[in-house]
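# Residue-level structural notes
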Amino acid sequence: VLIVPSIVTLAVPQEMVAQLRSAVSLFDGGDQETARPTSGPGRPAGTTLAAAALAVWLSGTAYVLWKHLRYLWLLKRLISFARPAPRSVQVLCRALARPSCGNTPEVVTAGGAFSPFLWHPMVGQPRIVIPSELLNGLSNDSLEAVLRHELCHFERRDALRHRIGLLIAALW
């Protein structure tokens, strides 16, 4: 059992405790028995604090990743119910896209109240997702502005930047 001072007690398997102790010993300056005077039953001073810090960091990383994966799952579920937008919207999107960007995103509609967004999976067709109710209520100029905005995200490769930023945030 790993005890984080007065916050929470975590049940941790003995193998993980041994791995945490060996990882902490790298920061303590080497072997646990010779690194520092002991401050408890067989523990070097600072080991408990370092192990607690490592446990908090790992918990935070796991939480950030879980939260993002859950969000992605919800988006993927929403997109699974999406239907292709009318042909006129598809043609407009292709006309607005820069030829240098290659594959133009498909425009799809889905029910619900959300902002339009670009879905750019690691593998597969990128899509611009627009709520059905919003698409039906937009003027041609407003629809063009929405498509230009989302195509700008596509051209700048914002999805890749977002993934890199998430990875950095999770590891930080």
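What counts and how
Residues numbered from 1 in each chain as written. Predicted model: local features only at pLDDT ≥ 70, side-chain atom pairs only at ≥ 80, totals over all residues. Heavy atoms only, no water. Helix = DSSP H or I, 4+ residues; strand = E, 2+ residues; numbered from the N terminus. Buried < 20%, exposed > 50% of the residue type's maximum accessible area, 1.4 Å probe, protein only. Pairing = 2+ DSSP bridges. Contact = heavy atoms within 4.5 Å. Axes fitted to C-alpha atoms, helices over the stretch in contact; angles between N-to-C directions. Core = buried A, V, L, I, M, F, W, Y, C linked by side-chain atoms within 4.5 Å. Salt bridge = Lys/Arg side-chain N within 4 Å of Asp/Glu carboxyl O. Expected span 1.5 Å × (residues − 1). Arc of directions from axis to C-beta.

Here the focus is the environment of tyrosine 63. On the secondary structure map, tyrosine 63 appears in helix H3 (residues 47–80). A relative accessible area of 47% places tyrosine 63 in the partly exposed class. For the pair tyrosine 63 and alanine 170, spaced 107 residues apart in sequence, the C-alpha separation works out to 8.4 Å.

Let us now look at the pairing of strand E8 (residues 127–131). Burial of E8 is extensive: 4 of the 5 residues sit out of reach of the surface. As defined by bridge partners, strand E7 (residues 117–119) adjoins E8 across 3 bridges and the pair is classed as antiparallel. Residue phenylalanine 117 lies in a different strand from E8, and its bridge partner there is valine 129.

Bringing the sheet that holds E8 into the picture now. What the 4 strands build is an open sheet, ordered E5-E6-E8-E7; its pairing is mixed. Whereas interior strands pair on both sides, the edge strands pair on one side only; in this sheet they are strand E5 (83–84) and E7. Sheet topology places strand E6 (residues 106–110) next to E8; 5 bridges connect them, and they run parallel. Paired with valine 107 across the strands is isoleucine 128, a residue of E8. Packing against the sheet, H3 makes contact with E5, E6, E7 and E8, and its axis sits at approximately 95 degrees to E7.

With 15 residues, the main nonpolar core has Val89, Val107, Ile128, Ile130 and Leu147 as its most contacted residues. Counting only elements with at least two residues in this core, the list comes to helix H4 (87–96), E8 and helix H6 (140–155). For this core, the element with the highest residue contribution is H6, accounting for 5 residues. Leave out the neighbours within four places in its chain, and valine 89 touches Val107, Leu135, Leu143 and Leu147. If you look at the next biggest cluster of nonpolar residues, it comprises 8 residues, including Ile79, Ala110, Phe117 and Trp119.

Turning our attention to the pattern of salt bridges. Scanning all chains against the criterion turns up 5 salt bridges. Linking arginine 127 and glutamate 106 is a salt bridge whose minimum nitrogen-to-oxygen distance equals 3.5 Å. Taken together, the residues arginine 127 in strand E8 and glutamate 106 in strand E6 connect sequence positions 21 residues apart. Among the residues examined, arginine 127 registers a relative accessible area of 26% and is labelled partly exposed. A relative accessible area of 25% means that glutamate 106 is categorised as partly exposed. Where salt bridges share partners, they join Arg156, Asp158 and Arg161 into one cluster.

Another point: H6. Turn by turn, an α-helix covers 3.6 residues, leaving residues three or four places apart pointing in a common direction. The end-to-end C-alpha distance of H6 is 22 Å, a good match for the 22 Å that 16 residues give at a rise of 1.5 Å each. Residues of H6 that are buried include every one of Leu143, Val146, Leu147, Glu150, Leu151 and Phe154, and no others. All buried residues of H6 fall inside an arc of 130 degrees around its axis, so they share one side. Check the buried side of H6 and you find it contacts H4, E6, E7, E8 and helix H5 (132–137). Positive phi shows up at arginine 157, right after H6, with a value of about 60 degrees.

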